Amino acid sequence: MALGDLMASRFSQSSAAVSNHLDECSSHDNGDFGAHRRDSETLSSSYGNVGTSATTSMAYLPQTVVLSELRHDAFESCMPSGPSDSGLVSRWRPKDRMKTGCVALVLCLNIGVDPPDVIKISPCARMECWIDPFSLSTKALETIGKTLTMQYERWQPRARYKIQLDPTVEEVKKLCNSCRKYAKSERVLFHYNGHGVPKPTANGEIWLFNKSYTQYIPLPISDLDSWLKTPSIYVFDCSAAGMIVNSFIELQECNASSSTTSSRDCILLAACEAHETLPQSSEFPADVFTSCLTTPIKMALRWFCMRSLLRDSLDYALIDKIPGDQTKRRTLLGELNWIFTAVTDTIAWNVLPHGLFQRLFRQDLLVASLFRNFLLAERIMRSANCSPVSYPLLPPTHQHHMWDAWDMAAEICLSQLPLLVRDPNAEYQPIPFFTEQLTAFEVWLDHGSEHKKPPEQLPIVLQVLLSQCHRFRALVLLGRFLDMGPWAVDLALSVGIFPYVLKLLQTTNPELRQILVFIWTKILALDKQSCQVDLVKDGGHTYFIRFLDSMEAYPEQRAMAAFVLAVIVDGHRRGQEACLEAGLVHVCLRHLQGSALNDAQTEPLFLQWLCLCLGKLWEDFMEAQIIAFQADAPSICMPLLSEPQPEVRASAVFALGTLLDVGFDSCRDGGVDEECDDDEKFKAEISVLKSLLYVVSDGSPLVRAEVAVALARFAFGHNKYLKSIAAAYWKPQSSSLSSFPSFAHVKATAANPSQYIGPLLRVGTDTPAVSRDIRVSTSSPLSASGIMHGSPLSDESSQHSYSGNLHDSHSTSNGVISNNHSRHRAPLDNALYSQCVLAMCTLAKDPSPRIANLGRRVLSIIGIEQVVAKPIKSSRPGEPNFVGLARSSSWFDMSGGHLPLTFRTPPVSPPRTTGFLTGMRRVCSLEFRPHVPSSPDSGLADPLLGAVGSSERSFLPQSTIYNWSCGRFSKPLLNVPDDIEEILARREEREKFALYHISECQHTSVRKLSNQPSWDTKFDTATKTALLHPFSPLVIAADENERIRVWNYEEANLLNSFDNHDFPDKGISKLCLVNELDDSLLLAASCDGNIRIWKDYTRTGKEKLVTAFSSIQGHRPGVRSVNAVVDWQQQSGYLYASGEISSIMVWDLEKEQHVNSISSSSDCSISALSASQVHGGQFAAGFVDGSVRLFDIRTPEMLVRTMRPHAPKVERVVEINFQPGLDQGKIVSACQAGDIQFLDIRNEKGAYVSIDAHRGSLTALAVHRHAPVIASGSAKHLIKVLSLEGEPLGSIRYYPTFMAQKIGSVSCLTFHPYRVLLAAGFADGCVSIYADGNSQAR
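Residues numbered from 1 in each chain as written. Predicted model: local features only at pLDDT ≥ 70, side-chain atom pairs only at ≥ 80, totals over all residues. Heavy atoms only, no water.

Visitor: Sorry, what's going on with the environment of Phe284 here?
Guide: With respect to the helices, strands and loops of the structure, Phe284 is situated in the loop between β7 (266–270) and α8 (288–294). Note: C-alpha distance between Phe284 and Trp303 (19 residues apart in sequence) is 8.3 Å. Residues contacting Phe284, with those up to four places away along its chain left out, are Ala125, Pro279, Met299, Trp303, Arg307, Ile380, Ser383 and Ala384. (Helix = DSSP H or I, 4+ residues; strand = E, 2+ residues; numbered from the N terminus. Contact = heavy atoms within 4.5 Å.)

Visitor: What should I look at first to understand helix α40 (residues 961–970) in this one?
Guide: An α-helix turns once per 3.6 residues; consequently, residues spaced three or four apart project the same way. Among the 10 residues that make up α40, seven are buried, leaving the element largely enclosed by the rest of the structure. Of the surrounding secondary structure, the elements contacted by the buried residues of α40 are α19 (513–526), α22 (555–569), α25 (604–618), α28 (646–657) and α31 (701–717). (Buried < 20%, exposed > 50% of the residue type's maximum accessible area, 1.4 Å probe, protein only.)

Visitor: Even after reading the chapter, I still don't get the packing of aromatic side chains, so can you show me in this structure?
Guide: Centre-to-centre distance and the angle between the planes together describe a pair of aromatic rings. For the coordinates displayed, the defined rule picks out 33 aromatic pairs. With a centroid separation of 5.6 Å and 65° between ring planes, the pair formed by Phe993 and Phe1031 is classed as edge-to-face. Placement of the pair is Phe993 in helix α41 (residues 980–1003) and Phe1031 in the loop between β12 (1023–1028) and β13 (1034–1039), with a sequence separation of 38 residues. One exposure class covers both Phe993 and Phe1031, and it is buried. Taken together, the aromatic side chains of Phe190, Tyr192, Tyr234, Phe236, Phe248 and Tyr391 make up a single cluster linked through ring pairs. Directly above the ring of Tyr182 sits Arg160, whose terminal nitrogen or CZ lies 4.6 Å from the centroid. (Phe/Tyr/Trp six-rings, centres within 6.5 Å; stacked < 30°, edge-to-face > 60°. Lys NZ or Arg CZ within 6 Å of the ring centre and 35° of its normal.)

Visitor: What is the right way to look at unusual backbone geometry in this model?
Guide: Generally, phi is negative for residues other than glycine and the peptide bonds are trans, each holding for most cases. The omega torsion of the bond from Ser122 to Pro123 falls at -5°, within 30 degrees of zero and hence cis. Within the secondary structure, Pro123 sits in the loop between β1 (100–107) and α4 (140–153). Note the cis peptide between Ala1207 and Pro1208, where omega equals 5°. In this fold, Pro1208 is placed in the loop between β27 (1199–1203) and β28 (1213–1218). One non-glycine residue, Trp130, lies in the positive phi region at around 65°. With respect to the helices and strands, Trp130 occurs in the loop between β1 and α4. Classification of Trp130 as buried rests on a relative accessible area of 15%. Even without being a glycine, Lys139 presents a positive backbone phi close to 50°. Its location among the elements puts Lys139 in the loop between β1 and α4. Classification of Lys139 as exposed rests on a relative accessible area of 62%.

Visitor: What's the story with the pattern of salt bridges in this structure? I'm lost.
Guide: Any two side chains of opposite charge can pair, given that their charged atoms come close. Using the criterion set out here, one finds 38 salt bridges in the structure. Arg359 is paired through a salt bridge with Asp265; the nearest N and O atoms lie 3.1 Å apart. On the criterion of sequence distance, the pair formed by Arg359 in helix α11 (residues 354–361) and Asp265 in the loop between α7 (242–258) and β7 is long-range, its members being 94 residues apart. Under the relative-accessibility criterion, Arg359 is labelled partly exposed at 27%. Asp320 is the partner of Lys298 in a salt bridge, and the nearest nitrogen-oxygen pair spans 2.9 Å. One end of the pair, Lys298, is in helix α9 (residues 296–307); the other, Asp320, is in the loop between α9 and α10 (332–351), and 22 residues separate them in sequence. On the basis of relative accessible area, Asp320 is assigned to the partly exposed category, the value being 47%. The network of salt bridges with common partners includes Asp570, Lys616, Glu619, Asp620 and Arg713. (Salt bridge = Lys/Arg side-chain N within 4 Å of Asp/Glu carboxyl O.)

Structure (structure tokens):
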């Protein structure tokens, strides 16, 4: 199947431009990337001939690409929205479906008497409703009236028809009033045939008769309008009918100016302009306008026949004998009617504004039919010099090229008509109209786009869905069109596709299932809410549940079915109930279980949407939650928390988090029947909670955001107990404040965290000058809104439990609450509550601003108030300085938290007064930035408190994973990204550049490095680290305040400058480029172990945070700072991090997951870390005792070799690095004492070259990635450049100034990856770049 194959082969491809392993891109249809790779390996580069073998050189070019998925595009800037709030107004759906309930037919023919203002030609048109009135001896008028009724009934059989023949004014008034009374609020059609009376007057009056038919009596259009009221539609078939339309428009404008009511819903169709007379030619019927409106096929064929080559050979009487039925599309007459509908719909959709098209062609079936036929009337009557008029006015359509397609179909029909009439058994040849139009649509799909004219065949595709023989092809093409983007889905819905695809869900054809699921995925990705009711009402949910449970479909397609079901149940109770009854919980859980038992990797997208579907199904729906616990849903979902894909982990957290508030409060309040078993539920909640605490330090912000939202739900349900725990932990201990342990340390010894929390609370602060008091606030917005008696958030317990000494219902022991009365017992263990509070604190100091904000909101739910101040530089002594507060070593500074907060404890038993809200203290702001309070005790109204009576749940932070995941389906799923060729070409060009320069570096001897910088600049504060971009003349440097600057050193201008984060501690320890051969990202590793990765870092003010996480979790007891050392390895996709901990943490950035903790095998801390850029998985570590260890994570024992090259000195290793080339065992190590050791791990003796370079003052070392050169710097204002044999190549002591000022203390050194350029950063803020002598000469 065409689309099925497309979806199978392309849907699972990442939206990233290049896959994680570029070799896999050869499967793309648009080009063989494998061929690109082979070409680049053997290519004679434009930069010159590469000396080494291509195979060897390619080993230097890593193929792994990370952090390029959809989730890395703009997570930090993505604002959370309410459930399923896509912001889309369903413009495609008609606001009010309407029908015409009553039809009034008024015929003023006065047969035999010509009006006085008409001079008829001879022969002239005489047919009325295809009847010659003079051919009938009696009752001609009645026969014509009955025929007209029958013609209208074909278009609206359910309407009530009333007819008046040659009536008086009173009879018409009575007719109109009765029609309006019957129709009520439905539309009334008024049809007027004035062929037997004079033309309308200039005032828009139509003519009727008196009782004796001796006079013509005028009827003003205003009277007619007042009788019929609105909504109504008028058809005027008479000469000068435009007079009536003009008068009606004047009447409408007059009413609109004198009244404040909205305009009346009135539609007019008139046969001709105000100055025109109806055609009298005998080739037309007298009521040609009415014939076009009520019998369009007959009228169109007769008119075409008169103008075609068939006019002499075809008997017109055969047109009345066309076999078949208009309602049966498999007959000739039915197919003609079908084609006519498609042609006129297409013309209207392409010509009319979409709003007008919706009103006239989709709101009312009879109105739509009349307007389709009106387009034919315009075409035919314009050939007779008449111009039909409408209100609202339509643009001209009589020359639209789609009429040519209709003429072709008419000719094919008429050419085989004689045979079909002569031989009833003869088979007619189907007209190829729809096949040809689908082909035209397919051609548009191959070449069209959003920026080109929309495909005019879209309404025809909709019509084709009605045909079984064309349906599959039409659905496949429609799926391709919808995949082009939301604009395409909106166009298709505005055409009217929704009822058609809804009805198709009732089909049992297995061939259509995959494409129907795909189409519904695209529709619901655009409009997630307005379709829910229709789908449940028509039983559509069962179709998707069956498909979800089908093993024949691809997992990606079943993921789409899960998405559709998630939309159906999202915030829609009736949908939740229907899907629960259909067994959706068990279906989803069965497939999740199957994925755990199956050895093969299950499609991550399928797992992701199974979790999201379950989460939405049981979200705030007690019955589903009970069934979920009975089916052991938590234990089935928990293994997914360790899945390699962050989207799957985040979705699993969402599913588990929505179970956290499973009726605990309502159970306690007796709100649920006996089925609600407290103990079982408490056990289930404990297991869910423990699993969530396991991922609180996940590497993906997507996951941690969901953990924060889940903990907020938990805090909402257990508010009283968490507040009590917090009150016990943070009660004042004389004048000192303790430091809380890091969450990771608690998690590591989670058996009984309370056993050491008590003593920790009594540790003194190391900055006593800064006054801090702590308060657990009863003025949380949640507690404020929950002050009603019996509310789960009421502060009933706070009156006796928030003070320093908890009263009768609780007592404290060692800082932990114990319960004396079982009926008041906390539902969970106090130790678990402790871990939860610590987890909330961990989130509140998250390196991602988005997560930190969520964490602070969670803390505000349990009443912990934030008093925060951003460090402000004070220029005058008298100004208040907040730096002390920002640097406060409160409990929140645990493990170097970047966000300074001060917390306060409340007074004993805060009084409840009517002025309760006015005394509220500001808790965490909803803004995504901290605020500075005007004074410590000023009462600031909180935006969370908007209305006292607002819903408590509205204060909870909203999950974003569902809405964010929905966005994937709005993007093209079937096509390779348009820019893939450009991306591959850029990478190939960079590979050529790199290979050429690697060869140059390897084969060019560096004789001397110039002691004159080719470029320099100065920062405000000391430079901590620097980086040279491999493919652009850029230097990136960071100072000790974590200010990152990007300079173009060729043009000597600053490109960008930004803060890594708002609360710097000890600066940035490392800058690395991630994906340097592609769209590179900037990795900034702070000294506290926090990693932040930036994109667009060279664009002024446009930098975006891609991801952020804490690479170090926990530290050695008694050590306050982490002193993190970090390195990135592109070959493996691993980030290695260590510091004041006993292990090396390995993070997989593709998975955004901590994958290993390698024991450092030493009691000392690691002071230097270097990853091999050639051999993935290999890295070296230098320790504070001078020892060096080589690790390889590919080996079972990990540790390869331990050496002590700097003995007998016991000085910290300042820097360690691998030597250039492919040799795995050659390392350069430099210690603080000043000696540099050249090591080969295969050499038992240790160092094979040893240099005493700086004598006790070495501060920096750099080893070139490919050239045989190293550089070292010291605190004594000296840089030395050496060869790999230890030979000196130069030294740098002075700045190039007139006074020959000495360089500052060297803080960092780095080489350009592919050229011999050295960047040096100094303690006085300078950054300089030095080139080798050859480069300067060039």
